[in-house]
Amino acid sequence: MNPIMAHRGWSSRAPENTLAAIQLVIDEPWIDSVEIDVQLTKDLVPVVIHDFRVDRTTNGLGYVRDFTLSQLRTLDAGSWFGSRYLGQKIPTLEEVLQLCKGKKQLNIELKTNDDMYKNLAAMVVQLVEKNQMAREVMITSFNLEGIRKISKDKTSIETGIIIKGVPSSLSQKLKYTGANVISLSFIF
């Protein structure tokens, strides 16, 4: 049987990547895991948000990397979805790990490109290990370098690369990164 994974929490029923959306997944026994997206704040705190900018999913404007955690906490990340979710905040990765521990598997996507967030991979691994969740987490990314760094550190955390479209040089990419999972984004 193939595992069922909720994308950005249960993003069709609650504002994506919020604790509310993730709690909905936890409450459903037939959903095996939840995918979330992680970036870094200006003060280097891993937070759970998909877009590089806060504009679409909060009442703020600007890049995630330009906000401190305390500044992000002033933003409303739920009311755009519906009044029921007024006051939802952008969660930290640590909050999500604590919420999911022992309840749901996590697919943590590193949201980074090129040299943006150079220490993101290491910081995510550190939090996963601190929370003793290496066997409950998979770390994935479009960014091959981040996945390669994790694999080279010989951590027990499963890693995966995300490929968009028709994959080219797939075996070379897997060998280079040391990843053991492939996630394909392909439109038929």
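In the block above lies the structure referred to throughout.
This write-up is about the structure you can find in this document.

Criteria and thresholds
- Residues numbered from 1 in each chain as written.
- Predicted model: local features only at pLDDT ≥ 70, side-chain atom pairs only at ≥ 80, totals over all residues.
- Heavy atoms only, no water.
- Helix = DSSP H or I, 4+ residues; strand = E, 2+ residues; numbered from the N terminus.
- Rg over C-alpha atoms; globule rule 2.2 N^0.38 Å.
- Buried < 20%, exposed > 50% of the residue type's maximum accessible area, 1.4 Å probe, protein only.
- Salt bridge = Lys/Arg side-chain N within 4 Å of Asp/Glu carboxyl O.
- Contact = heavy atoms within 4.5 Å.
- Polar contact = N/O pair within 3.5 Å; in protein donor to acceptor, adjacent residues only side chain to side chain.
- Pairing = 2+ DSSP bridges.
- Right-handed = clockwise from strand over helix to strand, strands pointing away.
- 1 Å grid on protein atoms, 1.4 Å probe; cavity = no way out; pocket = protein on both sides within 12 Å on 5 of 7 lines; lining within 4 Å.
- Points joined across faces, edges and corners; volume = space filled by probe spheres on them.
- Nonpolar A, V, L, I, M, F, W, Y, C, P; charged D, E, K, R; others polar.
- Phe/Tyr/Trp six-rings, centres within 6.5 Å; stacked < 30°, edge-to-face > 60°.
- Lys NZ or Arg CZ within 6 Å of the ring centre and 35° of its normal.

## Points about the overall build of the chain
So, point 1. The secondary structure content of the chain amounts to 6 helices and 7 strands.
So, point 2. Its C-alpha atoms give the chain a radius of gyration of 16 Å, near enough to 16 Å, the size a compact globule of 188 residues would have.
So, point 3. For the chain, the C-alpha atoms occupy an extent of roughly 45 × 40 × 40 Å along the three principal directions.
So, point 4. Expressed as a percentage of the 188 residues in the chain, the buried residues total 51%.

## Considering the pattern of salt bridges
So, point 1. Applying the stated rule across the entire model yields 8 salt bridges.
So, point 2. A single salt-bridge network, built from bridges that share partners, covers Arg8, Glu16, Asp37, Asp51 and Arg56.

## Some remarks on unusual backbone geometry
So, point 1. Phi is positive for Leu44, which is not a glycine, with a value near 65°.
So, point 2. Secondary-structure assignment places Leu44 in the loop between strand E2 (33-40) and strand E3 (46-48).
So, point 3. A relative accessible area of 49% places Leu44 in the partly exposed class.
So, point 4. Here the phi dihedral of Tyr117 falls at roughly 55°; this positive angle occurs in a residue that is not glycine.
So, point 5. Note that Tyr117 resides in the loop between strand E4 (105-110) and helix H4 (120-130).

## Side note on helix H1 (residues 19-26)
So, point 1. Of all 8 residues making up H1, 6 are buried, and the element is well covered by its neighbours.
So, point 2. If you check which residues of H1 are buried, you get Ala20, Ala21, Ile22, Leu24, Val25 and Ile26.
So, point 3. The inward-facing, buried residues of H1 abut strand E1 (5-7), E2 and helix H3 (93-100).

## With respect to the side chain of Glu94
So, point 1. With respect to the secondary-structure elements, Glu94 resides in helix H3.
So, point 2. One polar contact links Glu94 to Asn131, side chain to side chain, over a distance of 3.2 Å.
So, point 3. In this structure Glu94 touches Leu127, Lys130 and Asn131, once residues within four positions along its chain are discounted.

## Focus: the pairing of strand E7 (residues 181-185)
Consecutive side chains along a regular strand alternate between the two faces of the sheet.
So, point 1. Note: strand E6 (residues 158-164) against E7, 5 bridges, orientation parallel. Looking across to E7, one finds that Ile162 is bridged to Ser183.
So, point 2. As for the winding sense of the linkage, the β-α-β connection from E6 through helix H6 (residues 170-177) to E7 is right-handed.

## So, empty space enclosed by the protein
So, point 1. What the rule picks out here adds up to 1 cavity of 30 Å³ or more.
So, point 2. Estimated volume of the largest cavity: approximately 60 Å³.
So, point 3. Around the largest cavity, the lining residues are Glu16, Asn17, Thr18, Val48, Ile49, His50, Thr57, Ala77, Lys89, Ile90 and Pro91.
So, point 4. Of the residues that constitute the lining of the largest cavity, the class distribution is 5 nonpolar, 4 polar and 2 charged.

## Structural notes on the layout of surface pockets
So, point 1. In this structure, the largest pocket spans a volume of roughly 260 Å³.
So, point 2. Along the walls of the largest pocket sit 16 residues, with His7, Glu35, Glu109, Ile162 and Ser183 positioned nearest its centre.
So, point 3. Counting residues per element, the ones that place at least two in the lining of the largest pocket are E1, E2, E4, E6 and E7.
So, point 4. Among the residues forming the lining of the largest pocket, the class breakdown is 5 nonpolar, 6 polar and 5 charged.

## Examining the side chain of His50
So, point 1. Structurally, His50 is set in the loop between E3 and helix H2 (69-72).
So, point 2. Polar contacts involving the side chain of His50 include one to the side chain of Arg8, which spans 2.8 Å.
So, point 3. Residue contacts for His50: discarding those within four places in its chain leaves Arg8, Glu16, Asn17, Asp37, Gln39, Arg56 and Lys111.

## A word on the packing of aromatic side chains
So, point 1. Within the structure shown, the criterion is met by 3 aromatic pairs.
So, point 2. Here the aromatic rings of Trp10 and Trp30 are separated by 5.9 Å at their centres, their planes lie at 90°, and the arrangement is edge-to-face. Of this pair, Trp10 sits in the loop between E1 and H1 while Trp30 sits in the loop between H1 and E2; the two residues are 20 residues apart in sequence, bridging distant segments of the chain.
So, point 3. The interplanar angle of 90° and the centroid separation of 5.5 Å between the aromatic rings of Trp80 and Phe81 together place this pair among those described as edge-to-face.
So, point 4. The class of Trp80 is partly exposed, set by a relative accessible area of 37%.
So, point 5. The exposure class of Phe81 is partly exposed, given its relative accessible area of 29%.
So, point 6. Within the aromatic cluster, the residues linked to one another by ring pairs are Trp80, Phe81 and Tyr85.
So, point 7. A cation over an aromatic ring shows up here: Arg13 above the ring of Trp10, its NZ or CZ 4.3 Å from the ring centre.
So, point 8. A cation over a ring is seen here: Arg65 above Tyr63, with NZ or CZ 4.7 Å from the ring centre.

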